[in-house]
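Letter by letter, the chains look like this.
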Amino acid sequence: MKQKKRMILGLAIFFMGIICSYYVRIAFAETTKPSFTITIEDGEESGLDSLHLPTYVWQGGQGQSVEVSTEGTQYKKNPIFQSMYIQQPFGMESLRLRYPDFIRGKEAYSSNFTESDTYLFYAPDYYPSFQEEKKKEISLSLTSYNKETKGEEVLGNITVSSEKLINHVTIRTISYTEPYLVIQMMIGEEYDSSTHIYVYDIEKQEVVSKIKAESSPEAEEHGSTIDLFVLNQEDPMLLSVESWQVYSEEEDEIIPEVFRTFTMYSIERDEKVDVTVPEEFNKTDAYLYAEDEMVYLIQYEEGIVSILPYNIYTETVMEVNEIPVKADIFGETNYELELIPTHEGIMLLERHIYSSDDPAGVVAVRLPSMEKIVEGSIKMEAVNGSNAYFEKAYFE
C-alpha cells in the first residue's frame, strides 16, 4: 500500500514539475515581450492619434493579446491564463474592458455590437431553450449605451417572423449610420437557413425595411460575405455587396479571383432598386468602400494608392485619383491589406508583421477630397522569431 502511495505521489510531482516548468518559462518570457512603435512618415502628425490596433502576438509557442496605439504597447492579460485554444477575439475583449457594465450578461461576440462616437449598440442572438416551444415569430430587444452619460436604454424591439418554426437567429453584423441600425442576421429554420437584413430607424423606433438576401449558387458554394452601406441621407439607399473568392493555380501559385454582386434597396420604400456597376469593380486586388452617393474602388500598386469613384445614383464613373506613397510602404501583394473606415475616409493597413525588419505600412486618405491624411509604419521590436497579426483596427 505504501509503495502504491509513493508511486502516485511520484507521478503527481512529475506532472506538477512539467506544468510548473511550462508556466515558469512563460513568466520569464514576460521580460522579453515584443513592443510596437507607430511612426508618422508623411502627412498630419495627429493622423493616427486615435488609432487602436487590437493585436495578436505569437512568440515562442505562446499567443498573447496586445493593444497597440500611438501611446505605446499594452498587454491586456497575464499569459499564464491564456491558451490559443480559448483565446477570445480582441474586439470583444476590448469592449469588455471599456464598457464592462453594459457588456456583462450579453453575448460575447463582437458581431452583436457596433459603435458610434457617442453610443454602443447591441442586438442579441436568439436560441430557444430545450423546454421552450419553438415559434414562427420572436422578438429581439435592441439596446444602447451612452458613452457620455454612462446610461443604458432599450431602443425597441425587432419582430422576426418566418413561415416555419424558428430554430435560432444569429446576428452576423450590425452597423450604424444615423439614424439607422442595419442588422444582418441568419435565421435558422427546420432543414434550412437564410440571411436577412433588417433596417431599424432609431428615431421612429421601428423597422423600416426587411430584406431577404438572395445568393447565387456559386456564391453559396464558395462561401460569401455581405458588406452593407447606407447611402444618401435625402433618399436613403442600402447597398449590399456580396463577395466570394474562387482559387486557381498558375505556375505553382494559388491565385484568388474575387466575384461580387451589387444589390440596392430603397430604405424608406422598402423595395429593390436596379443598380449597375462597372466591370472593373470586380478586380481581384481591389477594395470597396461606399458613402453618400459614391462607391470607391481602392487599389494599391507599388508607390501608388489609386481610388476610382463611381456615382451609383447617376451611374457616372469619375476620374481615377492616384495618391503617391513610399514604394515599399506595403508588401508585394494586396492580399495582406485590410480596409478600415476612419472618421474622415479610409485607411489601408498591412495586417501582418512577420519580423522586426519588416514593419507594417499604413496609409489614410480623406474622402471625397482624396487628400492623403497620413502615411506611416508600425514596427515590432521583437525577440525569438515573434510575429503579429492586427485583428481589427478601429478609431476611437
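Below you will find a few notes about this structure. (Residues numbered from 1 in each chain as written. Predicted model: local features only at pLDDT ≥ 70, side-chain atom pairs only at ≥ 80, totals over all residues. Heavy atoms only, no water.)

The next thing to look at is the sheet that holds strand β16 (residues 271-273). Taken together, 4 strands build an open sheet; the order of strands is β13-β14-β15-β16 and the sheet is antiparallel. Single-partner strands in this sheet number two, and they are β13 (225-231) and β16. Ignoring strand direction, the axes of neighbouring strands in this sheet form an average angle of 35°. Examined bridge by bridge, strand β15 (residues 253-266) and β16 share 3 bridges and lie antiparallel to one another. Among the inter-strand pairings, Tyr 265 is bridged to a residue of β16, identified as Lys 272. (Pairing = 2+ DSSP bridges. Helix = DSSP H or I, 4+ residues; strand = E, 2+ residues; numbered from the N terminus. Axes fitted to C-alpha atoms, helices over the stretch in contact; angles between N-to-C directions.)

Here we take up the nonpolar core. Judged by nonpolar contacts, the single largest core of 37 residues is most densely connected at Leu 239, Ile 298, Val 305 and Ile 307. Tyr 75, Ile 340, Met 347 and Ala 388 belong to the second-largest nonpolar core, a separate cluster that totals 24 residues. (Core = buried A, V, L, I, M, F, W, Y, C linked by side-chain atoms within 4.5 Å. Buried < 20%, exposed > 50% of the residue type's maximum accessible area, 1.4 Å probe, protein only.)

Excluding glycine, a negative phi dihedral is what most residues carry, and trans is how most peptide bonds are arranged. Here the bond from Glu 178 into Pro 179 is cis, since omega is 5°, no more than 30 degrees from zero. Within the fold, Pro 179 resides in the loop between β9 (166-177) and β10 (180-189). Between Leu 367 and Pro 368 the backbone carries a cis peptide bond, its omega angle lying at 5°. The phi angle at Asp 292 is positive, at roughly 55°, despite the residue not being glycine.

The next subject is the pairing of β9. The sheet contact formed by β9 and β10 spans 10 bridges and is antiparallel. Bridged to Thr 173 within β10 is Gln 184.

So, on to the side chain of Thr 263. Looking at where Thr 263 falls in the secondary structure, it is placed in strand β15. For Thr 263, a relative accessible area of 18% translates into the label buried. Beyond its immediate sequence surroundings of up to four residues, Thr 263 is in contact with Leu 238, Leu 239, Ser 240, Lys 272 and Val 275. (Contact = heavy atoms within 4.5 Å.)

Read from one edge to the other, the open sheet built from 5 strands follows the order β1-β26-β25-β23-β22, with strand pairing classed as antiparallel. This sheet does not close on itself; its edge strands, each paired only once, are β1 (35-43) and β22 (337-341). Each adjacent strand pair in this sheet contributes to an overall mean axis angle of 20°, direction not counted. For strand β25 (residues 360-366) and strand β26 (residues 371-381), the ladder comprises 7 bridges, and the chain directions are antiparallel. Across the sheet, residue Arg 366 finds its bridge partner in β26, namely Glu 371.

Geometry only, nothing functional implied.
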